[in-house]
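For reference, the chains in residue letters:
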Amino acid sequence: MSIKIPYDTVRETIQQAFLNVGLTEEQAKTCAAIHAQSSADGVESHGLNRVPRFVDYVRRGLIDPKGSPELVRARGAVENYDGHLGIGITNALFCADRAMELAKEHGIGCVALKNTSHWMRGGTYAWRMAEAGFLGISWINTESCMPLWGSDQPGVGNNPFCIGIPREDGPIVLDMAMSQYAYGKLGVYRLAGKQLPYPGGFDSQGNLTTDPGAIEESRRILPTGYWKGSGMAIALDMAAALMANGNSGFDMDEQGRGSCVGCCQIFIAYDPYLFGTREEIQDMLNKRVAAADSSHPEHEGGQVTCPGERTLAARERSMREGVTVDETIWRQVKAIAGGDLDAKDISGR
């Protein structure tokens, strides 16, 4: 069952949970803000719901709170860092910010990060770059959790890809996995006792289904666009590993350390006004968004929006009415904040 909790209460509770597992005050504050913001934006699958798993990984030594990005090599506008299995959020924030610094100097900046951990909500970093005035692109590779098209066993990660467009009247931000629904989203629907709006994978008998629990059980999530999502997933995997000189999804499979442990991430920032004025670019973006948003809806009373517009609406609603959280997950996180570090992750794979 879902309940509403004030944003500050969510953030402060998560922060205490992270302090209890050994994060510094600064780390706990930064990470709690990202998790709370993700839930406030309607992405609870990678917000509050991921707190128990993060705590478990820190306790098991799969994430090292003392690890931080170390420069391996730099060539002009491109830099390569080793994340030393540090906290995924703080590692990724550092790299996104560094990409923007490079873009200020060169017009474009690219940071490739290897040997890091789960960055939680991928869109966080595209939003960060877009809100700072840069076009931002980022993606990650993961261990295998999705079958390649034509297979019935996991053989590739769902490798989320994000792009943020720096529109001053509201950024346009795409944040998507290469599966129709990420496992975290399946967990959200399962915990709420709901069916998926569209088929998201196969059950154990090989039938397409909207039952999130059946898909979690079979581990046969559906690639976005069928063979297209499958192809994009394997290409993003290899591109990230190539650029960061780090692990591919296959390498992570062999190591078997857990969700995104030892993964690669790419952060690209681009100055949107290299070849056009601010007025030209912003006018073009506003016209494009207005045209898209005025598309005729398929159902009476429906509304077409660009990626990110509903996120801003969800954010405003959460700040006004409280953050929507799953009651069971909320009890788990409160228990961790109270000192019980053995709460089991039930959010999903």
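Residues numbered from 1 in each chain as written. Predicted model: local features only at pLDDT ≥ 70, side-chain atom pairs only at ≥ 80, totals over all residues. Heavy atoms only, no water.

## Side note on unusual backbone geometry
Put simply, the test is: What counts as a helix is a DSSP run of H or I of at least four residues, what counts as a strand is a run of E of at least two, and both are numbered from the N terminus. Whether a residue is buried, partly exposed or exposed follows from its accessible area with a 1.4 Å probe, protein chains only, as a fraction of its type maximum: under 20%, in between, or over 50%, in that order.
Even without a glycine there, the phi angle at histidine 84 is positive, about 50°. Of note, histidine 84 is situated in the loop between β3 (78–82) and α4 (88–106). Using a relative accessible area of 32% as the deciding quantity, one classes histidine 84 as partly exposed.

## Regarding the pattern of salt bridges
Stated formally: Here, a salt bridge means any Lys or Arg side-chain nitrogen found within 4 Å of an Asp or Glu carboxyl oxygen.
Considering all chains together, one arrives at 15 salt bridges under this definition. Close ionic contact of arginine 11 with glutamate 12 constitutes a salt bridge, the shortest N to O distance being 3.8 Å. The salt bridge partner of arginine 278 is glutamate 279, with a shortest N-O separation of 3.6 Å. Among the charged side chains, a salt-bridge network with shared partners connects Asp41, Arg121, Glu131 and Arg315.

## Considerations on the packing of aromatic side chains
Test applied: Each pair of aromatic rings taken from Phe, Tyr and Trp, with Trp reduced to its six-membered ring, is defined by centres within 6.5 Å and is described as stacked if the planes are under 30 degrees apart, edge-to-face if over 60, and tilted in the remaining cases. Two limits define a charge over a ring: the Lys NZ or Arg CZ must be within 6 Å of the ring centre, and within 35 degrees of the ring normal.
For the structure shown, the criterion picks out ten aromatic pairs. Note on tryptophan 139 and phenylalanine 161: the rings are 6.3 Å apart at their centroids and 35° apart in plane angle, and the pair reads as tilted. Of the two residues, tryptophan 139 is situated in strand β5 (residues 135–140) and phenylalanine 161 in strand β8 (residues 161–165); the sequence distance between them amounts to 22 residues. Put simply, the rings of Trp119, Tyr125 and Phe267 touch in pairs and so form one group of aromatic residues. Across the ring face of phenylalanine 202, the terminal group of arginine 220 is positioned such that the distance to the ring centre comes to 4.4 Å. Lying across the ring of tryptophan 127, arginine 315 places its NZ or CZ 5.0 Å from the centre.

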